[in-house]
Amino acid sequence: MGRAIVITSGKGGVGKSTSTANLGTALAMLGRAVVVVDADVGLRNLDIIMGLESRVVYTSMDVIEGTCDIEKALVKDRRVENLRLLAASQKNNKTDIQAKQMKELCLELKDMFDYVLIDSPAGIEQGFQNASVGADEALIVTTPEVAAVRDADRIIGLLQSMEINDMNLVINRLSPNMVKAGDMMNQQDIIDILSIKLIGVIPEDQEMVVSTNRGLPLTHDRRSIAGDSFKRIARRLEGEELPIPTFKPESWFGSLFDKLFNWG
Ligand code: ADP
Ligand code: MG
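Calculation criteria
Residues numbered from 1 in each chain as written. Chains lettered and ligands numbered in written order. Predicted model: local features only at pLDDT ≥ 70, side-chain atom pairs only at ≥ 80, totals over all residues. Heavy atoms only, no water. Helix = DSSP H or I, 4+ residues; strand = E, 2+ residues; numbered from the N terminus. Rg over C-alpha atoms; globule rule 2.2 N^0.38 Å. Buried < 20%, exposed > 50% of the residue type's maximum accessible area, 1.4 Å probe, protein only. Contact = heavy atoms within 4.5 Å. Areas by Shrake-Rupley, 256 points an atom, 1.4 Å probe, with all protein chains shown as cover. Lys, Arg positive; Asp, Glu negative; His and termini not counted. Charge placed at Lys NZ, Arg CZ, Asp CG, Glu CD. Pairing = 2+ DSSP bridges. Salt bridge = Lys/Arg side-chain N within 4 Å of Asp/Glu carboxyl O. Core = buried A, V, L, I, M, F, W, Y, C linked by side-chain atoms within 4.5 Å. Disulfide = S-S within 2.5 Å. Near = heavy atom within 4 Å. Polar contact = N/O pair within 3.5 Å; in protein donor to acceptor, adjacent residues only side chain to side chain. 1 Å grid on protein atoms, 1.4 Å probe; cavity = no way out; pocket = protein on both sides within 12 Å on 5 of 7 lines; lining within 4 Å. Sits in = over half its atoms within 2 Å of the grid points.

Each helix and strand counted, the protein has twelve helices and eight strands in total. Radius of gyration (C-alpha) of the protein: 18 Å, near the 18 Å computed for a compact globule of 264 residues. In terms of principal-axis extent, the alpha carbons of the protein reach across some 60 × 40 × 35 Å. The buried share of the protein, taken over its 264 residues, is 52%. The long-range fraction of contacts in the protein, counting pairs at least 24 apart against all pairs at least 6 apart in sequence, stands at 76%. On the protein, roughly 12,700 Å² of surface is accessible, and the fraction owed to carbon and sulfur atoms is 49%. Side-chain charges of the protein comprise 30 positive and 37 negative groups, with the mean position of each set lying 4 Å from the other.

Pairing is mixed in the open sheet, where eight strands are placed in the order β3-β4-β2-β5-β1-β6-β7-β8. This sheet does not close on itself; its edge strands, each paired only once, are β3 (75–76) and β8 (197–203).

Time to look at the side chain of D205. Take D205: it is sitting in the loop between β8 and α10 (207–214). Buried charge D205 goes without a salt bridge, the closest partner of opposite sign being R223 at 9.3 Å. If we ignore the near neighbours within four places in the chain, the residues touching D205 are L218, S224 and A226.

This part is about the nonpolar core. Of all hydrophobic cores here, the largest spans 47 residues; its most connected members are L86, L109, I118, I140 and L169. If one sorts the elements of this core by residue count, helix α7 (residues 146–161) sits on top with five residues. Apart from residues no more than four positions distant in its own chain, I140 is found in contact with T8, A152, I155, I156, L159, M167, N168, L169, V170 and I196. If you look at the next biggest cluster of nonpolar residues, it comprises 35 residues, including A26, L52, L83 and V141.

This structure, assessed with the given rule, holds zero disulfides. Free cysteine: C68, not disulfide-bonded; nearest cysteine sulfur from C106 at 16 Å. The class for C68 is buried, based on a relative accessible area of 7%.

Around ligand 1 sit 16 residues in total, of which G13, K16, S17, T18 and N172 are the nearest. Backbone polar atom of P203 to a nitrogen atom of ligand 1: 3.0 Å apart, as the coordinates give it. D205 has a polar backbone atom sitting 2.9 Å from a nitrogen atom of ligand 1. Calculation on ligand 1 without its partners gives an accessible area of 570 Å², and the protein chains cover 84% of this total. Spatially, ligand 1 is embedded in the second largest pocket.

Shown next as structure tokens:
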């Protein structure tokens, strides 16, 4: 039986879909059989982030309604062998899927894969409930902002009420320069508020937006620090004890050097 992990946050735009695509890629690169499931029914975008939108024919809705076999609905990744995507329907609403149906779907996927990563929609309503109902564990994604952390705290409480107690924290878009200037919460502030285990920190990286638009997760870029951060989370999920690096503020000289020699 594989592990079903919901990637969730409460707040929108904090990096749930980005994290799902990158972690799915990183785990598959480690040789695991992985399926990433877009649970953002009506507003899907995981297929775009993974560069697979043109290959989506069927969605989880078709599987649930019984119009298509699960194997047929799984889209094969272009680059990594054992990675699949199960897309969300665009033409349905979040309320069109029942929690029981989602639970059954996850069970079926857990039978086929080592990891079932479920990309949750924002909010605390049925879309979030459906994304979480089949999960054994959760990755809580937050950015270092008061509103995002508060929403994450609310989500942690809701997951506990659903008896999902195995939770890990991902802090995304950390900007060391802003932390140093006292303009951003630091990682210890966030851990103190949320009191769950930190599994990784992803720095702010403009390349992330480029990679999203290109449909090529940064995990594929061997030089990318953000991509490497996702690879480290994947190894920690696999049970490896790896230290979480602290990101240093860029020096004036360092950033000039990077710009001149393009060694970012
Ligand atoms: P969510 O799924 O939580 O709504 P997304 O994963 O779609 O959020 O990310 C929202 C936006 O933030 C995207 O444009 C994405 O490229 C950008 N983004 C995510 N993580 C980072 C990061 N570490 N640095 C810079 N931009 C990021
Ligand atoms: Mg999303």
